[in-house]
Amino acid sequence: MSKIHNNPTINEEKININRNAIEHRATWTGLTYVEGKAAGMDLEQVIRSAICKTGQFHGAGYKAQCKDPEDLRSFAEVFLPELGLKTFEMEVVNLTEDDLMIHFHYCPLLTAWQKQGFDDETCDKLCDMAMDGDRNIAKAMGYDFHLGKTLAKGDDICEVHFFKKK
């Protein structure tokens, strides 16, 4: 039995459309990984590399949009639009010039993988691969990044932490 609890509480048309689009893309990634594994291929590094490049691309875009890329409050304005906040049911638990801590209470990527019937271990692996995008957004911004608890590990939240390099 799965230890993962990933249930949305927000049910709005615009949010659901966005979640469906994210689920669709996550389904491709998940099925590519699982089908490759079933065929005897180890696609993890290929997928991670592609996700890292995606994070670097988006991170450069966020940096260009920030009024002050050195200030995480400026980054949060660009990185956390209302649609994204509601899609992932994010809670900003700390926001200062040097620190941004976000708790995610729902993940449509994880929902996609659960719908495919992937076991908890595979969901956790796919989650960690997906987080390479955020890790590389942080890198492109010049920040450090820490992933704490995750829904895919059975925790009640995902802890995503961006902070200035020490």
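To start, this report covers the structure provided alongside it. This structure is a prediction, so every number in the text was calculated from the model and none was measured.

Parameters at a glance
- Residues numbered from 1 in each chain as written.
- Predicted model: local features only at pLDDT ≥ 70, side-chain atom pairs only at ≥ 80, totals over all residues.
- Heavy atoms only, no water.
- Helix = DSSP H or I, 4+ residues; strand = E, 2+ residues; numbered from the N terminus.
- Contact = heavy atoms within 4.5 Å.
- Core = buried A, V, L, I, M, F, W, Y, C linked by side-chain atoms within 4.5 Å.
- Buried < 20%, exposed > 50% of the residue type's maximum accessible area, 1.4 Å probe, protein only.
- Pairing = 2+ DSSP bridges.
- Axes fitted to C-alpha atoms, helices over the stretch in contact; angles between N-to-C directions.

Right, let's talk about the environment of I51 for a bit. Of note, I51 is situated in helix 2 (residues 44–65). Residues in contact with I51, not counting those within four places in the same chain, are M129, A130, D132 and G133.

Here we come to the nonpolar core. Counting residues in each nonpolar core, the largest one holds 40 residues, and the members touching the most others are F75, L100, I102, L110, W113 and F162. At the level of elements, helix 1 (13–38), helix 2, helix 3 (72–79), strand 2 (99–104), helix 5 (108–115), helix 6 (120–141), strand 3 (143–147) and strand 4 (158–164) are the ones that each hand at least two residues to this core. The greatest single-element share of this core, amounting to 8 residues, is contributed by helix 6.

What follows is about unusual backbone geometry. Leaving glycine out, the prevailing phi sign among residues is negative, and the prevailing peptide bond configuration is trans. In the Ramachandran plot, E89 falls in the positive-phi region, its phi being about 50° despite a non-glycine side chain. Along the chain, the position of E89 falls in the loop between helix 4 (82–87) and strand 1 (90–95). You can call E89 buried: its relative accessible area is 8%.

On to the sheet that holds strand 3, then. Here we have 4 strands laid out as an open sheet, ordered 1-2-4-3, and antiparallel in their pairing. The sheet is open, and its two borders are formed by strand 1 and strand 3, each paired with just one other strand. Going across the sheet, the axis of each strand differs from the next one's by a mean of 15°, ignoring polarity. The pairing of strand 1 with strand 2 spans 5 bridges and is classified as antiparallel. Across the sheet, residue L95 finds its bridge partner in strand 2, namely L100. Set on the sheet, helix 6 makes contact with strand 3 and strand 4; between it and strand 3 the angle comes to about 160°.

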